[in-house]
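Residue-level listing of the chains:
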Amino acid sequence: MLGSSGGGSFSVSTTLSKDVHKVLTTPVGKHEEISLCTSPRVFDALGLPRADIVTQSHVITKLRKKHKLSEKEIIDGIKGLDDPLFVFRDFRSDDIIIFPGMLAKNNDGKQGDVMAPIQLEKMRDGKHYMASLYPLDSLDKVKAMLKRGNLLYSRYTKEALGTSSNGAPELSPDLLRLLNSESFWEKTITEEDIVKREKEKNPEEAKPAMGIMAASL
């Protein structure tokens, strides 16, 4: 159902729309496994293993019921994993956490800076990542996660964040202050860095690594 999980292209499951619709409209088991997509192409630049991403039905249900995302927004958010806003590695678990740029709602029902990040845990078979919804219900939890994590990739440079440059997201002052910490950027690469590397390898054929297919909702 999915494309190659080695280097190369990104693809979503051919049954993604049907599977998400089924979970949201008919009774299914809480832990029914669903194929989502291949891992983002940026994983190649980060030296992370490429592997297909799967999840369980309760994760899809939570996006709909708790975070108030529509069926289309959920599908677009999964497609947007190939053009992430941020990629972190959690220091405690070594899991990969992707911010797809998808805005979710806080417990108070208001749209805000909580972006429904996706946590990827490498499965024992070594061929799949299991995706779960990182438990962020407030901006304080977002900040706590950022302090624990290692920022591996940012779609935008530190200078561009908070300036609306090239479509950079509008983030709260508290979140921007945290992201502006020099310690976050010691080992971070940006899309600019990836494009520069591609130009050095193939001057004639270089183009943006992901393209802009943002899933900001």
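Here is what the cut-offs are and how they apply
- Residue numbers run consecutively from 1 along every chain, following the written order of its sequence.
- In keeping with the model being predicted, local features are shown solely for residues with a pLDDT of at least 70 and side-chain atom pairs are shown and tallied solely at 80 or more, while totals for entire chains, interfaces and linings include all residues.
- Side-chain metrics rest on all non-hydrogen atoms present in the structure, leaving aside hydrogens and water.
- In this scheme Phe, Tyr and Trp rings, the latter by its six-membered ring, pair at centre separations within 6.5 Å, and the angle between planes marks the pair as stacked below 30 degrees, edge-to-face above 60, and tilted otherwise.
- Going along the chain from the N terminus, every DSSP run of H or I of four or more residues is numbered as a helix, and every run of E of two or more is numbered as a strand.
- Three labels apply to residues, based on accessible area from a 1.4 Å probe with only protein chains included: buried if under 20% of the type maximum, exposed if over 50%, partly exposed otherwise in between.
- Any Lys NZ or Arg CZ found within 6 Å of a ring centre and within 35 degrees of that ring's normal is scored as a charge over the ring.
- The working definition used for a salt bridge is a side-chain nitrogen of Lys or Arg within 4 Å of a carboxyl oxygen of Asp or Glu.
- Only when DSSP finds a minimum of two bridges between them are two strands counted as paired.
- We call two residues in contact when some of their heavy atoms are within 4.5 Å.
- As used here, the term nonpolar core means buried Ala, Val, Leu, Ile, Met, Phe, Trp, Tyr and Cys residues forming a set that is joined through side-chain atoms within 4.5 Å.
- The axes are straight lines fitted to the C-alpha atoms, using for helices just the contacting stretch, and the angles between their N-to-C directions are given from 0 to 180°.
- Any angle that falls under 35 degrees is termed roughly parallel, while one over 145 is termed roughly antiparallel, one within 65 to 115 roughly perpendicular, and all others oblique.
- For this scheme, ten residues count as nonpolar: Ala, Val, Leu, Ile, Met, Phe, Trp, Tyr, Cys and Pro. Four count as charged, namely Asp, Glu, Lys and Arg, and the remainder, Gly too, count as polar.
- Working definition: the arc comes from the directions between the helix axis and the C-beta atoms, pointing outward to the latter.
- Crossings are assigned a handedness: left-handed for a near helix turned anticlockwise from the far helix by less than a right angle, right-handed for a clockwise turn.

A word on the packing of aromatic side chains
With the rule as written, the count across this model stands at 4 aromatic pairs. Centre to centre, the rings of Phe86 and Phe99 are 5.9 Å apart; their planes meet at 80°, and the pair counts as edge-to-face. Taken together, the positions of Phe86 in strand S3 (residues 86–90) and Phe99 in strand S4 (residues 96–99) put the pair 13 residues apart, joining distant regions of the chain. In this pair, the class of Phe86 matches that of Phe99, namely buried. Taken together, the ring pairs in this structure connect Phe86, Phe88 and Phe99 into an aromatic cluster. Just above the ring of Tyr129 sits the side chain of Lys122; from NZ or CZ to the centre is 5.5 Å.

Concerning the pattern of salt bridges
Per the counting criterion, the structure on display carries 6 salt bridges. Of the charged contacts, one joins Asp82 and Arg41 as a salt bridge, the two residues approaching to 2.4 Å between their closest N and O atoms. Residue Asp82 is found in the loop between helix H4 (71–79) and S3, and its partner Arg41 is found in the loop between strand S1 (33–37) and helix H2 (42–46); the two are separated by 41 residues along the sequence. Asp76 is paired through a salt bridge with Lys72; the nearest N and O atoms lie 2.6 Å apart.

What about the sheet that holds strand S2 (residues 52–56)?
Strand order in this open sheet of 8 strands is S1-S2-S6-S5-S4-S3-S7-S8, and the pairing throughout is mixed. The open sheet has two edge strands with one neighbour each: S1 and strand S8 (189–190). Where S1 lies against S2, 4 bridges are found, and the strand directions are antiparallel. Opposite Ile34, over in S2, you have Thr55 as the bridge partner.

Quick notes on the environment of Val87
Note on placement: Val87 falls in strand S3. According to the relative accessible area criterion, Val87 is buried, its value standing at 0%. Between the alpha carbons of Val87 and Ile97 there is a distance of 5.8 Å; along the sequence they are 10 residues apart. Beyond its immediate stretch of four places on either side in the chain, Val87 contacts Val42, Leu46, Ile96, Ile97, Ile98, Asn150, Leu151, Leu152 and Tyr153.

What to know about the nonpolar core
Core analysis: the biggest nonpolar cluster contains 32 residues, and Leu36, Phe43, Ile96 and Leu120 have the highest contact counts within it. Counting 17 residues, the second largest nonpolar core, distinct from the first, contains Leu85, Leu146, Leu161 and Leu176.

A word on the packing of helix H1 (residues 16–25) against helix H3 (residues 57–65)
Where H1 contacts H3, the axes come no closer than 9 Å and their chain directions differ by 70°. Taken together, the axes of H1 and H3 are roughly perpendicular relative to one another. Across from Val20, Val23 and Leu24 in H1, the residues of H3 making contact are Ser57, Ile60, Thr61 and Arg64. Residues of the contact of H1 with H3, tallied by class, amount to 4 nonpolar, 2 polar and 1 charged.

With respect to H4
If you check which residues of H4 are buried, you get Ile74, Ile75, Gly77 and Ile78. The buried residues of H4 occupy an angular sector of 160° when projected down its axis, which confines them to one face. Looking at the buried positions of H4, the neighbouring elements they touch are H1, S1 and H3.

Quick notes on the pairing of S2
Within S2, 4 of the 5 residues are buried, leaving the element largely enclosed by the surrounding structure. Sheet topology note: the S2/strand S6 (residues 128–133) ladder contains 4 bridges and is parallel. Residue Ile53 lies in a different strand from S6, and its bridge partner there is Tyr129.

Brief notes about the packing of H1 against H4
Where H1 contacts H4, the axes come no closer than 10 Å and their chain directions differ by 140°. The angle between the axes of H1 and H4 places the two elements in the oblique class. Handedness of the H1/H4 crossing: right-handed. Counted together, Leu16, Ser17, Val20, His21 and Leu24 of H1 and Glu71, Ile74, Ile75 and Ile78 of H4 form the full contact between these two elements.

Nothing here speaks to function; it is all geometry.
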